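Notes for the structure review
Spelled out, the chains give:
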Amino acid sequence: VFCHKNSLYVMEVKTATPKTQDIKDFLYKLDSLGKKFGLYPRRCLAIADILSEHKLRRSPYVLNRAEEMGITIFSHTELRPENIRETLTTWITI
């Protein structure tokens, strides 16, 4: 959790390969933060495991659901050391 230019950001980071149901649970937890507490943060689920990236590509439901909830999902490619600065900078400035 962090603030930048008067906006609240919440990011959950997973380093192991979660099951599809676990990803759905993470999304619902992130979604409830804004609704339950009235915070309306910008939310992100970052999954650093490379196998999860392949799983997400095969599971458009999860990606579509995250988009409907207004939650950004970052996968392994976006979180690689050479890409992470640009990924986070882009997310924060949108």
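Residues numbered from 1 in each chain as written. Predicted model: local features only at pLDDT ≥ 70, side-chain atom pairs only at ≥ 80, totals over all residues. Heavy atoms only, no water.

**Here's the deal with the sheet that holds strand S4 (residues 71-74)**
Taken together, the four strands give an open sheet; going across it, the order is S1-S2-S3-S4, and neighbouring strands pair in mixed fashion. In the strand order of this sheet, the two ends are held by strand S1 (2-4) and S4, each with one partner. Geometrically, the sheet is characterised by an average inter-axis angle of 25 degrees between neighbouring strands, direction not taken into account. Sheet analysis places strand S2 (residues 7-14) next to strand S3 (residues 42-47), joined by six bridges and oriented parallel. Paired with valine 10 across the two strands is arginine 43, which belongs to S3. Helix H5 (residues 84-93) contacts S1, S2, S3 and S4 of the sheet and is inclined by roughly 145 degrees relative to S2. (Pairing = 2+ DSSP bridges. Helix = DSSP H or I, 4+ residues; strand = E, 2+ residues; numbered from the N terminus. Axes fitted to C-alpha atoms, helices over the stretch in contact; angles between N-to-C directions. Contact = heavy atoms within 4.5 Å.)

**Thoughts on H5**
Every buried residue belonging to H5 is among Thr87, Trp91 and Ile92, and all of these are buried. In a view along the axis of H5, the buried residues occupy a sector of 120 degrees, so they form one face of it. In H5, the exposed positions that point more than 90 degrees away from the buried face belong to Arg85, Glu86 and Thr93. Residues of H5 that are buried sit in contact with S1, S2, S3, S4 and helix H4 (76-79). (Buried < 20%, exposed > 50% of the residue type's maximum accessible area, 1.4 Å probe, protein only. Arc of directions from axis to C-beta.)

**Looking at unusual backbone geometry**
Of note, lysine 5 is a non-glycine position whose phi angle comes to about 50 degrees, a positive value. Relative to the assigned elements, lysine 5 resides in the loop between S1 and S2. In this structure, asparagine 6 is a non-glycine residue whose phi angle is positive, near 70 degrees. Here asparagine 6 lies in the loop between S1 and S2.

**A closer look at the packing of aromatic side chains**
Using the criterion set out here, one finds four aromatic pairs in the structure. Measuring from centroid to centroid gives 5.2 Å for tyrosine 9 and tryptophan 91, while their planes differ by 75 degrees, and the two rings are edge-to-face. A residue pair is termed long-range when its members are at least 10 positions apart, and tyrosine 9 in strand S2 and tryptophan 91 in helix H5 qualify at 82 residues. Owing to a relative accessible area of 3%, tyrosine 9 belongs among the buried residues under this scheme. (Phe/Tyr/Trp six-rings, centres within 6.5 Å; stacked < 30°, edge-to-face > 60°.)

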